[in-house]
Each structure stands twice: as C-alpha cells, then as structure tokens.
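Working through the structure, step by step
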There are 2 protein chains.
Amino acid sequence: MKKTIIVFSLLILALLVLFQFIKYTLVSGDLQTEYVMAIIAIIFFGIGIFINKKAQNKQQTSVKKEINYKKIEDLGLSKREYEVLQQVASGLSNQEIADKLFVSESTIKTHVSNVLVKLNAKRRTQAIQISKALNII
Amino acid sequence: MKKTIIVFSLLILALLVLFQFIKYTLVSGDLQTEYVMAIIAIIFFGIGIFINKKAQNKQQTSVKKEINYKKIEDLGLSKREYEVLQQVASGLSNQEIADKLFVSESTIKTHVSNVLVKLNAKRRTQAIQISKALNII
DNA sequence: AGCAATTTAGTACTTTAGTATGAGCTTCAA
DNA sequence: TTGAAGCTCATACTAAAGTACTAAATTGCT
C-alpha cells in the first residue's frame, strides 16, 4: 500500500514536470504539435496498460484458491489425518496410501474414518468434494 | 477475429479524424494546448486499459478452467456416463445417484464401471482426480 | 427398415471401504 | 508424573464399490 502511494506520487510528479517541459518547448517552437501529441498518447497508453495490469493481478491473487490452513485447524484435523486426506483426494486406495506412508492398512482406515467424521462426510468421495469446497486441499 | 479487425479499423479511423480535427482547431486557436493534451491523454489511457483488458481476458479464458468438451468426446464418454461421472465427483454413492437419475443401482454400477475403463482409473476417487486434471468436470 | 451405440437392468462374485472397539506406544504440556 | 492427544495396529463386522458377464429396450443414423 505504501509503495503504491509513493509510486503514484512520483508518477504524477513526473507527469507534471513533463507537461511543463512540453509547454515550454512548444512555446519556444522547438517541437511540433504532432510529436507532442504522439508522446502524450504513448505515455498514457502505457500508463493505462500498467494500471490495468496491476488491478487485474490483485484480483487474480484474491481469486486464486489458496489452502485455508485455518480451516484445517478449525476442523481439528491432525497432521497425519490431513496427510491421508491428501492421498485420498489424489485417488489412492487405503492399501496404496498405507504403502506410501509405511504404515498398515488398518491405520489408514482409522485415519480415514476420523477424517470422515471431522469433515461430516459419509464417503471418501464426499470428503474430497467437501475439502475442495473448503479450500483445504 | 473478424470483429476484432473491424473494431480496430474503426478505432484507427476515429483517431485519425480526431487528430485532424484537433490540428485544425489548434490552428484556428479555439482550443488551448493544455486541453488538447488532456483529451489525448484520457483517450489513450482508455485505449490502453481497453486493449489490455481484452488481452487479459483472452489469457484468462485459456488459463481459466473450462470444461474440455472435446476431451470428453475423445475419451468416448457417453452423455449418461458423463452425467454419472459428475454425480460421482459430487460425492454421491451409487444408490444416491440411482435415486437422483431414477434408475437402478445396477445401471449406475454399469455406467461407473464403463467410466473407469474409459478414464483408465481403478477407483472412483481416481476417476475424480483424472477428470479434474483433464478439465472435464 | 436395419445396424450400431446407448441405456437400462439383472445375477453372482470379489474387492475395497468404512465402523466399532480395544489397546499399546509416544509426545508434550500442566 | 499423569493425562490428553496423536499415531499405530488388530479383529470382526457390515456396507459399498467394482467386475464380468448377459440381455432387452431405446435411440440415432444411413
């Protein structure tokens, strides 16, 4: 925010200086009107694009789906449970997850069961859907 | 594309007319140089924003996750199979999907089984993952 | 009309998923 | 050090999911 203010202040200052400069050079007859218009056109064209790009970037970053870590905590998901949830969402079976995390299938079943309760889901597919809706995966 | 060309042609034409107009009014001394500069600045500022917005929209539509209908066809998914896939992705069980679409669970099982083969998935959770990766849901 | 693809449905089975419960182990804070 | 929380694992179930057929009805297209 502070950066934005400084940048804009400097920009406006630069423009005022430019305008004064152009006015004097016009009066002294060194430059043709056409050139002045062209310079102004190009500068403001650039400013338009620049400002617009800034605005759109801000929009994008706010729209972009970021993982809601606070929500994970609120749901009471433990580290391991969350890990298992991620693997479930990637389409793995309990056995595959067990192999990947070097534990038994029973353990994964326990974790998945706990995740389902905490997410208030009936099935793992529903857990995936809910997780995506809550931006936790 | 044709629209773009027409719009730009008209825009350039309008600008040329404007420039000529400004030149003559300047010569006749009706307008002050400051105002002319201001008008040009505003116009090109607007053009800059407009063009940039167009460009970004195009970028976004290519980045934005839109359903890849061509891919659905390529995979050979039938209308009904795709419908079932969507329900699966929303976290419903076979029985729930059956009730929703007014058919038997057997039918849904058949559809799901076909979808799994076509998506090269072992489980419905994997089918969801693959579908999202392919932007077909 | 006739063929191909789609949709529907069933049976019979195997495999996964999910629940319930109990229990051992570790960690970390009160 | 005691207790809560987390991770682990097991057993014994029940419930879904998924496979492999077969087959009839429907639809779309030539």
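Residues numbered from 1 in each chain as written. Chains lettered and ligands numbered in written order. Predicted model: local features only at pLDDT ≥ 70, side-chain atom pairs only at ≥ 80, totals over all residues. Heavy atoms only, no water.

The name that an unreviewed UniProt entry assigns to chain A is Regulatory protein, luxR family, with the source organism given as Algibacter luteus.

**Some thoughts on the overall build of chain A**
Applied cut-off: Helix and strand assignments follow DSSP, with helices taken as H or I runs no shorter than four residues and strands as E runs no shorter than two, numbered in order from the N terminus. The cut-offs for exposure are 20% and 50% of the maximum accessible area for each residue type, with area from a 1.4 Å probe on protein chains only; residues under the lower value are buried, those over the upper are exposed, and the others partly exposed. Whether two residues are in contact is decided by their heavy atoms: any pair within 4.5 Å suffices. Here the Shrake-Rupley method, with its probe set to 1.4 Å, supplies the accessible areas, and only the displayed protein chains count as covering residues.
A tally of helices and strands in chain A yields seven helices and zero strands. In sequence order, chain A lays out its α and β elements as α-α-α-α-α-α-α. Across the 137 residues in chain A, those meeting the buried criterion constitute 31%. Considering only contacts in chain A between residues 6 or more positions apart, those separated by 24 or more positions represent 56%. Carbon together with sulfur atoms contributes 62% to the accessible area of chain A, which is approximately 8,900 Å² in total.

**Concerning the pattern of salt bridges**
When the charged atoms of two side chains with opposite charge come close together, those side chains can pair. Note the cut-off: A pair is scored as a salt bridge if a Lys or Arg side-chain nitrogen falls within 4 Å of a carboxyl oxygen belonging to Asp or Glu.
Taken as a whole, this structure holds nine salt bridges over all chains when the rule is applied. K70 of chain A is the salt-bridge partner of D74 of chain A, the closest N and O atoms lying 3.0 Å from each other. Here K70 of chain A and D74 of chain A lie together in helix α3 (residues 69-75), a separation of four residues that amounts to about one turn. In this structure, D74 of chain A and K70 of chain A share a single accessibility class: exposed. Between E96 of chain B and K122 of chain A there is a salt bridge, and its shortest N-O distance comes to 4.0 Å. Of this pair, E96 of chain B sits in helix α5 (residues 94-101) while K122 of chain A sits in the loop between α6 (105-119) and α7 (124-133), on two different chains. By relative accessible area, which is 26% here, E96 of chain B ends up partly exposed. Classification of K122 of chain A as exposed rests on a relative accessible area of 64%. Salt bridges linked by common partners bring K122 and R123 of chain A together with E96 of chain B together as one network.

**Considering helix α4 (residues 79-89) of chain A**
The set of residues buried in α4 of chain A consists of E81, Y82, V84, L85, Q87, V88 and A89 of chain A. Packed against the buried residues of α4 of chain A are α3, α5 (94-101), α6 and α7 of chain A together with α7 (124-133) of chain B.

**Thoughts on the protein's contact with DNA strand D**
Worth spelling out the cut-off: Residues are counted as near a molecule or strand when any one of their heavy atoms sits within 4 Å of it. Throughout this description, a polar contact denotes any pair of N or O atoms lying within 3.5 Å of each other; where both atoms belong to protein, one of them has to be capable of donating a hydrogen while the other can accept it, and for residues adjacent in sequence the pair is counted only when both atoms sit in side chains. Residue polarity follows a fixed list, in which Ala, Val, Leu, Ile, Met, Phe, Trp, Tyr, Cys and Pro are nonpolar, Asp, Glu, Lys and Arg are charged, and the others, Gly among them, are polar.
Lining the immediate surroundings of DNA strand D are 18 residues, of which S78 and S104 of chain A together with K109, S113 and R124 of chain B lie closest. Among atoms of DNA strand D positioned within 4 Å of the protein, sugar and phosphate together represent 70%. In this structure, T107 of chain A approaches DNA strand D through a side-chain N or O atom, which is 2.9 Å from a phosphate oxygen. With respect to DNA strand D, the side chain of S113 of chain B contributes an N or O atom lying 2.6 Å from a phosphate oxygen. Counting only elements with at least two residues in the surface near DNA strand D, the list comes to α4 and α6 of chain A together with α6 (105-119) of chain B. Residues of the surface near DNA strand D, tallied by class, amount to three nonpolar, nine polar and six charged.

**As for the protein's contact with DNA strand C**
Among the 18 residues in the neighbourhood of DNA strand C, the closest are listed as K109, S113 and R124 of chain A together with S78 and S104 of chain B. Sugar plus phosphate: this is where 67% of the atoms of DNA strand C within 4 Å of the protein reside. At a separation of 2.7 Å, a phosphate oxygen of DNA strand C approaches a polar backbone atom of S104 of chain B. The separation between a phosphate oxygen of DNA strand C and a polar side-chain atom of T107 of chain B is 3.0 Å. The set of elements that each furnish at least two residues to the surface near DNA strand C consists of α6 of chain A together with α4 (79-89) and α6 of chain B. Here the residues of the surface near DNA strand C sort into three nonpolar, nine polar and six charged.

**Some thoughts on the packing of α4 of chain A against α6 of chain A**
A pair of packed helices is characterised by two quantities: the angle between their axes and the separation of those axes. All names here are of chain A. Selection criterion: The axes used here are C-alpha line fits, helices contributing only the stretch in contact, and every angle between their N-to-C directions lies in the interval 0 to 180 degrees. Orientation categories follow fixed angle ranges, with anything under 35 degrees roughly parallel, anything over 145 roughly antiparallel, 65 to 115 roughly perpendicular, and all other angles oblique.
Running from amino to carboxyl end, α4 crosses α6 at an angle of 90°, the nearest separation of the two axes being 9 Å. The pairing of α4 with α6 is recorded here as roughly perpendicular in orientation. Contacts between α4 and α6 involve R80, E81, V84, L85 and V88 from the first element and I108, H111, V112, N114, V115, K118 and L119 from the second. Here the residues of the contact of α4 with α6 sort into seven nonpolar, two polar and three charged.

**Topic: the packing of α4 of chain A against α7 of chain A**
Residue and element names in this part refer to chain A. Across the interface, α4 lies against α7 with an axial gap of 10 Å and an inter-helix angle of 105°. Classed by the angle they form, the pair α4 and α7 counts as roughly perpendicular. Residues L85, V88 and A89 of α4 form the contact with α7, whose own contacting residues are R124, A127, I128 and S131. Along the lines of polarity and charge, the residues of the contact of α4 with α7 split into five nonpolar, one polar and one charged.

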